[in-house]
Amino acid sequence: MSIAIQGIGVSSGIRTAIGKVLMLSRGSIQAEPGMIPANRIEAEVERFFHAVQLAATQLTEIRKEIPADTPADILEFIDTHLLMLQDKAIAEAPAQTIRDEGCSAEWALQLRRDQLLRVFEDMEDAYLRTRKDDLEHVVNRIMGILQGQKRNDPAEIVGHIIVSEDLTPADTIMLHHRGACGFITDFGSPMSHTAILAASLGIPAIVGAHGASSHLHSGELVVVDAANGTVLADCEPRQIRFFERRLHREQERRNALQTLRDTPAITRDGVHIELQANIELPEDVKAVLEEGGDGIGLYRTEFLYMNRDQLPTEEEHYQAYVRVIQGMAGRPVTIRTLDLGADKQCEHQPEPAACINPALGLRAIRLCLKETSIFRVQIRAILRAAQHGPVRLMIPMLTNLWEARQAREIIEEERQYLAQQNIVMNQPLPIGAMIETPAAALTAESFARMFDFLSIGTNDLIQYTLAVDRADDSVNHLYDPLHPAVLALIQKVLEAGRRSGKDVAMCGEMAGNPRYTALLLGLGLKTLSMHPASLPEVKQLIRRLDLRQLKPRLEKLLLDPAVEDFAQAMEELASD
Ligand code: PEP
Ligand code: MG
């Protein structure tokens, strides 16, 4: 009989994953100091060489098994590890330490690793410093063999389902790059940035699956059923066949929806809806184009800061933006200034999560206005990149008008600085405000007057309105996009946009959930930005709606105090 572990499903498009478990264990394997009697030293040296040899054989085997269409960077990192295994500093120096100190192979290896890590840390070159992760992986592999352990192995990630207590957004990106096909975490909620990222990368995930990491074990076959938020282990062959068929149908359905790619999102009564995409990395542009996105409504640039131990340079920002702009070939690109903080942390963040409540702490524009040098680097890069296409700049987490003013002043100063350097913008750079705090929503009209456009970030707006931590699965049941207070704030922002003649978009998860499409259009939204994979389904729904009929009925519904189940009533309204 199969075992089911319940959690919360996260997916966009494909909701099923079948694969073997890979437990993610972080950190390096530690060894205890151990001495070896003189007559066993050479045997210990042999044991060490044997472990290095076995590590290389394992990696070579893994490399052979990797499918031909695997992205080149996965192969590259295995090759790097293989080269490191041939390096004398790792493959031979510990043998000398065993002989000189009379210590165990594990201890000699650990001494060597710590020494090398210090060298890596002192390196000027940012790229070489990032190699220290590779060093850790390689040493962990040898250490694991010496200690007879079966440890998490990054080279084996391809096609596996990652199980961990929790994952950071940085882990998620790294695991995606290395070919993971599903995620299961004990903690986390569907609105955490990790979950949003998994959905955006098209990886089905189950978050808040309490106990998963202690009940499941590496190598066993599991099914991720993100549609029902269930992890299934110990499945009967016929259950596996069922899910394989379901996965196949999901893939077919996605392919069928893709025939809508070049069809505009127009309602039956002729209203054109701009369907844009949210991206995290320049590589995501490919998916946006494949799914027929009209532009990028949210480029979460903070991911440029992750998985590295130095801040990105202006040139690195610029290159990333130009890649996106050129990739989108004339379609609008909305670059959001960095939103680090809360559940998005990175190694070199000026003030990491020391604050008591990170979601209410130094996050996004607050961090940028405190660490203005970091902000200015990004602003210059955006201004320079804006010469290559229709770019819009967007500022997250505003609560006060003075923050908006200060941010705009900095942008202006940087524009003047660049002009002095003869870098002149040849097209206007519209600047927008994200409305994602209740304070900003309630004063949206002032923000609308000061900015060229507004974009509603429902993920945070809901979190802050309902006092529900978006990353905490224990309060996930209270996270309600249809709460009357949330709907009232959305209406308030749309009203502010109408009065001031400014566009209002929505880029939170709510925008890409087909359950809310009719509601959002009925409320008056005309620009929605979502995971690329959600675009076709939302487009299909839009093409079935008639806003002339929908709007008056929705208005009545919103005012009707007798409606107990608004979600149900809304669903009926949309399906009529
Ligand atoms: C939001 O808060 O709705 C949003 C789009 O921003 P993020 O999810 O990156 O916080
Ligand atoms: Mg937000």
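The structure presented is a predicted model; accordingly, all values stated were derived computationally and were not measured.

Even after reading the chapter, I still don't get the pattern of salt bridges, so can you show me in this structure?
Pairs can form between side chains of opposite charge once their charged atoms are near each other. Counted by the stated rule, this structure contains 29 salt bridges. Notably, a salt bridge pairs Glu250 with Arg246, separated by 3.6 Å at the nearest N-O pair. Of the two residues, Glu250 and Arg246 both sit in helix H10 (residues 237-257), four residues apart, roughly one turn of that helix. Taken as a pair, Glu250 and Arg246 share a single burial class, namely buried.

What exactly am I supposed to notice about the coordination of the magnesium ion (ligand 2) here?
Ideal values differ by geometry: the angle at a metal is 109.5 degrees with four tetrahedral donors, but 90 or 180 degrees with six octahedral donors. Taken together, Glu436 (OE) and Asp460 (OD) make up the full set of protein donors to the magnesium ion (ligand 2), lying 2.0 to 2.1 Å away. One end of the pair, Glu436, is in the loop between strand S13 (431-435) and helix H16 (438-442); the other, Asp460, is in helix H18 (residues 458-466), with 24 residues separating them in the sequence.

Teacher, can you tell me more about the site of ligand 1 here?
Around ligand 1, the structure places 17 residues, and the nearest of them are Arg300, Arg336, Gly457, Asn459 and Arg470. Here an oxygen atom of ligand 1 sits 2.7 Å away from a polar atom, N or O, in the main chain of Asn459. In the environment of ligand 1, an oxygen atom lies 2.9 Å from a nitrogen or oxygen atom belonging to the side chain of Asp460. Contact with the protein chains hides 100% of the accessible area of ligand 1, taken as 280 Å² for the molecule alone. Secondary structure elements with two or more residues in the shell around ligand 1: helix H8 (193-200), strand S10 (296-300) and H18. Sort the elements by how many residues they give to the shell around ligand 1 and H18 lands first, with three residues. Of the residues that constitute the shell around ligand 1, the class distribution is four nonpolar, five polar and eight charged.

Sorry, what's going on with the sheet that holds strand S7 (residues 221-225) here?
Paired through backbone hydrogen bonds, the strands of a sheet run either parallel or antiparallel to each other. Taken in spatial order, the eight strands line up as S1-S8-S7-S3-S4-S5-S6-S2 in an open sheet, and their pairing is mixed. Single-partner strands in this sheet number two, and they are strand S1 (3-6) and strand S2 (8-10). Strand-to-strand twist of the sheet, defined as the mean angle between neighbouring strand axes without regard to direction, takes the value 30°. Across two bridges, the pairing between strand S5 (residues 182-185) and strand S6 (residues 205-207) is parallel. By the bridge assignment, Ile184 is partnered in S6 with Ile206. Sitting on the sheet, H10 is in contact with strand S3 (16-23), S7 and strand S8 (230-233), with an inclination near 120° to S3.

Honestly, the sheet that holds strand S15 (residues 503-506) in this entry has me stumped. Any pointers?
Strand order in the closed barrel formed by eight strands is S9-S10-S11-S12-S13-S14-S15-S16, and the pairing between neighbours is parallel. Taken over all neighbouring pairs, the strand axes of this sheet differ in orientation by 25° on average, direction set aside. Both S10 and strand S11 (residues 333-336) contribute to a ladder of three bridges, which runs parallel. Bridge pairing in S11 places Ile296 opposite Val333.

Where do I start with the nonpolar core in this structure?
Nonpolar side chains tend toward joint burial in soluble globular proteins. In this structure, Tyr321 and Leu528 are the most contacted members of the largest nonpolar core, which totals 122 residues. What Leu528 contacts, discounting residues up to four positions off in sequence, is Glu274, Leu275, Gln276, Met506, Ala511, Leu520, Leu521 and Val538. Of all hydrophobic cores here, the second largest spans 33 residues; its members include Ile41, Phe48, Leu59 and Met143.

Basis of the calculations
- Residues numbered from 1 in each chain as written.
- Chains lettered and ligands numbered in written order.
- Predicted model: local features only at pLDDT ≥ 70, side-chain atom pairs only at ≥ 80, totals over all residues.
- Heavy atoms only, no water.
- Salt bridge = Lys/Arg side-chain N within 4 Å of Asp/Glu carboxyl O.
- Helix = DSSP H or I, 4+ residues; strand = E, 2+ residues; numbered from the N terminus.
- Buried < 20%, exposed > 50% of the residue type's maximum accessible area, 1.4 Å probe, protein only.
- Donors = N, O, S within 2.8 Å, 3.2 Å for Na, K, Ca; no water.
- Near = heavy atom within 4 Å.
- Polar contact = N/O pair within 3.5 Å; in protein donor to acceptor, adjacent residues only side chain to side chain.
- Areas by Shrake-Rupley, 256 points an atom, 1.4 Å probe, with all protein chains shown as cover.
- Nonpolar A, V, L, I, M, F, W, Y, C, P; charged D, E, K, R; others polar.
- Pairing = 2+ DSSP bridges.
- Axes fitted to C-alpha atoms, helices over the stretch in contact; angles between N-to-C directions.
- Contact = heavy atoms within 4.5 Å.
- Core = buried A, V, L, I, M, F, W, Y, C linked by side-chain atoms within 4.5 Å.

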